[in-house]
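What follows is each chain in one-letter form.
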Amino acid sequence: ETGTGIDLLVHNIGTLVTMAGKAAARKGAEMSELSMVSNGAVAISEGKIVAVGPEDKVRAQLGNAAIAEQFDAGGRLVTPGLVDPHTHLVHGGSREHELALKLKGSTYLEILAQGGGILCTVRATRQATEEELYAKARRSLDIMLLHGVTTVEAKSGYGLTLQDELKQLRVTRSLNESHPVDMVSTFMGAHMVPEEYKGRSDEFVELLIRLMLPEVKRLNLAEFCDVFCEHGVFTVEQSERILVAAKALGFGLKIHADEIEPMGGAELAGRIGCVSAEHLLAASDEGLEAMERAGVIAVCLPATSFNLRLTRHARARKMIEFGLPVALSTDYNPGSSPTESIQLVMTLACLNLGMTPEEVMTAVTINAAYAIGRGDSIGSLEVGKLGDLVIFEANNLAYLPYHFGINHVNAVIKRGKVVVS
Ligand code: NIG
Ligand code: FE
């Protein structure tokens, strides 16, 4: 018996994907081993799961404990709340004018080198007030929640001055406090060298290390530090300096690595022990092996390669073969991936990366949770974890990526509260 009153009992679950298993990111073949229950139920008390499994067993376990509210899942598919572990949620403006440039054949790095791309969003973000940034980000966060996402990582990196970076990070903190979705904050001052430091990138790196990182730490506004390691942005050597300094201050490390050119970013992620490395389209075999040895999670972003019209995709099959844990994310941002839909990402991961629906589910739940340091509290439905659940208008897992481009969510439960229905 649980001994406490039950706030919410979710019952009549046709297929319950619990993702229960070892307390670590799932690697290689483990990514296909989902724990599934037919005719399941989940009991939640004070925001946390107190019983989960076959409905008859859960009810027996609850005995005659008081149940405040029951939610009938109607025989549907229920999974852990989805986790989006890589977004650039907080920013000003939008960049639909880049679509015409793309259609004429301009590449992402060409648009950036001409002062557009990220730099365009930096101008819009600097101009925006904190309230404007909050209102825009909140609308996107609402969309994510409607699509089944209950935890979101958000990066700064469109301010590139101390004040404008702090402005973005404070918006993430306010969202965490005022919106049902839980936020994980990442400082990404090393997203781009700002125009005023053009040709003086080492000086900007010094500014990041000496001023910005310590101040973000002092104000406790971010848990992770991320760097865009790419030709024309930050070199491997600069990325290493920034990330090593961040590590010394106690930040967890992330890196946008080998997105477009093979630079040795994956190797760096392994060498300095990043929690995750993202993109990885051009990552070498040696880089992937270095990541595997160091336990770095590979975060693949198939909506980005789709939207950039790249013919190459992240080698998810190779990563899984190498025994790497793979996670998936929208990379939601106004340039390379203007979509909040993790469900679209799930389809693209199947069709363009060759992942199976089981691997995809692992990648958007437990592995995504570990990629943002939350594997102990979310990502699976197990006793003691948060009561974050999605009820899908589907009765099996393959239906989600198969029937694409629409929202399959029937209801969302966050910390034991029905927040979408
Ligand atoms: O993850 N690659 C760098 N940063 C983002 C894109 C940001 C932008 O284009 O505004 C990304 O793709
Ligand atoms: Fe990104």
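Residues numbered from 1 in each chain as written. Chains lettered and ligands numbered in written order. Predicted model: local features only at pLDDT ≥ 70, side-chain atom pairs only at ≥ 80, totals over all residues.

Quick question: what am I supposed to make of the UniProt feature "binding site: Zn(2+)" (unreviewed entry) in the protein chain here?
When the UniProt feature table is mapped onto this chain numbering, "binding site: Zn(2+)" (unreviewed entry) sits at H86, H88, H256 and D331. Separation in sequence by 246 residues is not matched in space for these annotated residues, since their most distant C-alpha atoms are only 12.2 Å apart. With respect to the helices and strands, the residue H86 is situated in the loop between β6 (82-84) and α2 (97-103). Apart from residues lying up to four places away in sequence, H86 is in contact with E153, E278, V299, L301, S329 and D331. With respect to the helices and strands, the residue H256 is situated in strand β10 (residues 252-257). Judged by the 28 C-beta atoms lying within 10 Å of it, H256 is buried. Beyond its immediate chain neighbours, meaning those up to four positions away, H256 contacts D226, V227, F228, C229, E230, E278 and H279. (UniProt positions renumbered as here; feature names shortened; annotations may be inferred. Helix = DSSP H or I, 4+ residues; strand = E, 2+ residues; numbered from the N terminus. Contact = placed C-beta atoms within 7 Å. Buried ≥ 20, exposed ≤ 12 C-beta atoms within 10 Å, placed from the backbone.)

Is there a simple way to explain the environment of L249 in this structure?
In this fold, L249 is placed in helix α8 (residues 236-249). C-alpha of L249 to C-alpha of M291: the two residues are 42 residues apart in sequence and 22 Å apart in space. With near-sequence residues (within four places) excluded, L249 lies in contact with L213, P214 and K217.

Mind showing me how you'd approach the domain arrangement of the protein chain here?
It is common to give the size of an interface as the accessible area lost on bringing the parts into contact. Domain boundaries assigned for the protein chain yield domain 1 (8-80 + 380-420) and domain 2 (83-371). For domain 1 versus domain 2, the distance between C-alpha centres works out to 29 Å. Listed per partner, the contact involves 27 residues of domain 1 and 28 residues of domain 2. Secondary-structure elements contributing two or more residues to the side of domain 1 that touches domain 2 are β5 (77-80), α16 (399-402), β15 (409-414) and β16 (417-420). Considering every element that reaches the side of domain 1 that touches domain 2, the biggest residue donor is β15, with three residues. Its residues assigned to classes, the side of domain 1 that touches domain 2 shows 16 nonpolar, seven polar and four charged. (Domains from an automatic or database assignment. Nonpolar A, V, L, I, M, F, W, Y, C, P; charged D, E, K, R; others polar.)

Sorry if this is basic, but what is going on with the site of ligand 1 here?
As a matter of local geometry, ligand 1 sits amid 13 residues, with I118, F228, N333, G335 and S336 nearest to it. Considering only residue class, the shell around ligand 1 consists of three nonpolar, eight polar and two charged. (Near = placed C-beta within 6 Å.)

Teacher, can you tell me more about helix α10 (residues 285-294) here?
Because the α-helix completes a turn every 3.6 residues, residues three or four places apart line up on one side. For α10, the full list of buried residues reads G287, L288, A290 and M291. The buried side chains of α10 occupy one side of the element, clustering within an arc of 160° when seen end-on. The outward face of α10, more than 90 degrees from its buried face, is lined by the exposed residues D285 and R293. Along its buried surface, α10 packs onto α9 (265-272), β11 (276-279), β12 (297-300) and α12 (316-321). One or two steps after α10, the chain reaches G295, where phi turns positive at roughly 75°. (Arc of directions from axis to C-beta.)

Looking at this structure, I do not really get the UniProt feature "binding site: Fe(3+)" (unreviewed entry) in the protein chain. What am I missing?
The positions UniProt marks with the feature "binding site: Fe(3+)" (unreviewed entry) are H86, H88, H256 and D331. With respect to the helices and strands, the residue H88 is situated in the loop between β6 and α2. Looking at H88, the number of C-beta atoms within 10 Å reads 26, which means it is buried. Filtering out sequence-adjacent residues up to four positions away, H88 remains in contact with K155, G157, Y332 and N333. Note on D331: 29 C-beta atoms within 10 Å, which makes it buried. Dropping the residues within four chain positions of it, D331 is found in contact with H86, T87, L301, A303, T304, S336 and S337.

Honestly, the packing of helix α7 (residues 201-218) against α8 in this entry has me stumped. Any pointers?
Helices that pack against each other are described as a pair by the angle of their axes relative to one another and the distance between those axes. At their nearest, the axes of α7 and α8 sit 10 Å apart, and the two run at 15° to each other. If you check the angle between α7 and α8, you find them roughly parallel. The element α7 and its partner α8 pack so that their crossing is right-handed. Each of S201, V205, L208, I209, L213, P214 and K217 in α7 lies in contact with α8, whose residues at this interface are Q238, R241, I242, A245, A246 and L249. For the contact of α7 with α8, the class distribution of residues is nine nonpolar, two polar and two charged. (Axes fitted to C-alpha atoms, helices over the stretch in contact; angles between N-to-C directions. Parallel < 35°, antiparallel > 145°, perpendicular 65-115°, else oblique. Left-handed = near helix turned anticlockwise from the far one by under 90°.)

I tried to follow the sheet that holds β11 on my own but got confused; where do I start?
Strands pair in a sheet through their backbones, by hydrogen bonds, and they do so in one of two ways: parallel or antiparallel. Strands sit in the order β6-β7-β8-β9-β10-β11-β12-β13 across an open sheet of eight strands; the sheet is parallel. Of all strands in the sheet, those bounded by a partner on one side alone are β6 and β13 (326-328). Across the sheet, the mean angle separating the axes of adjacent strands is 25° when strand polarity is ignored. Pairing of β10 with β11, which is carried by four bridges, proceeds in the parallel orientation. Residue K254 lies in a different strand from β11, and its bridge partner there is S276. Here α9 sits on the sheet and contacts β9 (224-229), β10 and β11; the angle it forms with β10, its principal contact strand, is near 170°. (Pairing = 2+ DSSP bridges.)

I'm lost on the nonpolar core in this one. Help?
Across soluble globular proteins, you tend to see nonpolar side chains buried next to one another. Within the largest apolar cluster, 141 residues are counted, with the highest numbers of intra-cluster contacts made by V10, C300 and A349. Examining the composition of this core, we find that eight residues originate from one element, helix α13 (residues 342-353), more than from any other. When residues of this core are assigned to domains, at least three fall in each of domain 1 (8-80 + 380-420) and domain 2 (83-371). Among residues more than four places away in sequence, those in contact with V10 are A41, V42, F71, A73, V78, L389 and I413. (Core = buried A, V, L, I, M, F, W, Y, C linked by C-beta atoms within 7 Å.)

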